[in-house]
Amino acid sequence: MRIAHTALWTRDIETAADFWRRYFGATIGEEYHSKNRPGFVSRFVTLPEGGGQIELMTGPWLPADTHAERIGWDHIAISLGCGEAVDALAEKCRADGCLKSGPRWTGDGFYEAVILMPDGTPVEITA
């Protein structure tokens, strides 16, 4: 058994797709426009090396403030394979202004940093 994909709501699907392409080397699929749910648009992000897929979704009904904590998924963690890769991507994100918290060892044993998508969604990058 494995997770086929995870889905993520965003207000700006193009900017979100560019984030995944720029920082993770992802391949971005074509837009899908639903005929059954007008305004719904999605694109699949495919991470390299069998890293899985993320479905980016948007619609005009999204609330203005989606950054508040709520029941449901909080973040996704992407394993980069080693601490040096975490350090390098964290530094690139620091320079670009999207690093939330720098590399560190967590209490539960992960070497990680947290970066933010353009809409504020956190993404953990781990060794």
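What comes next concerns the included structure. (Residues numbered from 1 in each chain as written. Predicted model: local features only at pLDDT ≥ 70, side-chain atom pairs only at ≥ 80, totals over all residues. Heavy atoms only, no water.)

Let's shift gears to helix α1 (residues 13–24). Because each turn of an α-helix spans 3.6 residues, side chains separated by three or four positions end up pointing in the same direction. Given a rise of 1.5 Å per residue, twelve residues ought to cover 16 Å, and the 16 Å separating the end C-alpha atoms of α1 matches this to within 8%. Within the sequence span of α1, burial applies to I13, A16, A17, F19, W20, Y23 and F24. The arc that holds every buried residue of α1, seen down its axis, measures 155°, which confines them to one face. Near the N-terminus of α1, the side chain that reaches the backbone nitrogen of E14, with its oxygen 3.3 Å away, is that of D12. Where α1 ends, the next residue or the one after it, G25, has phi of about 65°, a positive value. (Helix = DSSP H or I, 4+ residues; strand = E, 2+ residues; numbered from the N terminus. Expected span 1.5 Å × (residues − 1). Buried < 20%, exposed > 50% of the residue type's maximum accessible area, 1.4 Å probe, protein only. Arc of directions from axis to C-beta. Polar contact = N/O pair within 3.5 Å; in protein donor to acceptor, adjacent residues only side chain to side chain.)

The interhelical angle for the contact between α1 and helix α2 (residues 83–96), taken along N-to-C directions, is 135°, at an axis separation of 11 Å. It follows that α1 is oblique to α2 by the angle criterion. Here α1 contributes R22, Y23 and F24 to the contact with α2, which in turn contributes L89, K92, C93 and D96. Residues belonging to the contact of α1 with α2 are distributed by class as follows: four nonpolar, no polar and three charged. (Axes fitted to C-alpha atoms, helices over the stretch in contact; angles between N-to-C directions. Parallel < 35°, antiparallel > 145°, perpendicular 65-115°, else oblique. Contact = heavy atoms within 4.5 Å. Nonpolar A, V, L, I, M, F, W, Y, C, P; charged D, E, K, R; others polar.)

Let us now look at α2. In this model α2 runs 20 Å from its N-terminal to its C-terminal C-alpha over 14 residues, within 8% of the 20 Å that 1.5 Å per residue would give. Buried-residue contacts for α2 involve α1, β7 (99–105), β8 (111–116) and β9 (122–126). A positive phi of about 80° marks G97, the residue just after α2.

Before going further, it helps to spend a moment on the nonpolar core. Of all hydrophobic cores here, the largest spans 28 residues; its most connected members are W20, F24 and L56. Those elements that place two or more of their residues in this core are α1, β4 (41–46), β5 (53–58), α2, β8 and β9. Broken down by element, this core gets its largest block of residues, seven residues, from α1. Once you skip the residues sitting within four places of it in the chain, W20 turns out to touch G25, A26, V45, L47, I54, L56, I76, I78, M117 and V123. (Core = buried A, V, L, I, M, F, W, Y, C linked by side-chain atoms within 4.5 Å.)

With the rule as written, the count across this model stands at five salt bridges. Its salt-bridge partner being E14, residue R43 comes within 2.8 Å of it at the nearest N-O pair. Of the two residues, R43 sits in strand β4 while E14 sits in helix α1, which places them 29 residues apart along the sequence. Accessibility expressed as a relative area gives 34% for E14, which makes it partly exposed. As a salt-bridge pair, E91 and R94 come within 3.2 Å of each other at their nearest N and O atoms. One end of the pair, E91, and the other, R94, are both in helix α2, three residues apart, so they sit about a helical turn from each other. (Salt bridge = Lys/Arg side-chain N within 4 Å of Asp/Glu carboxyl O.)

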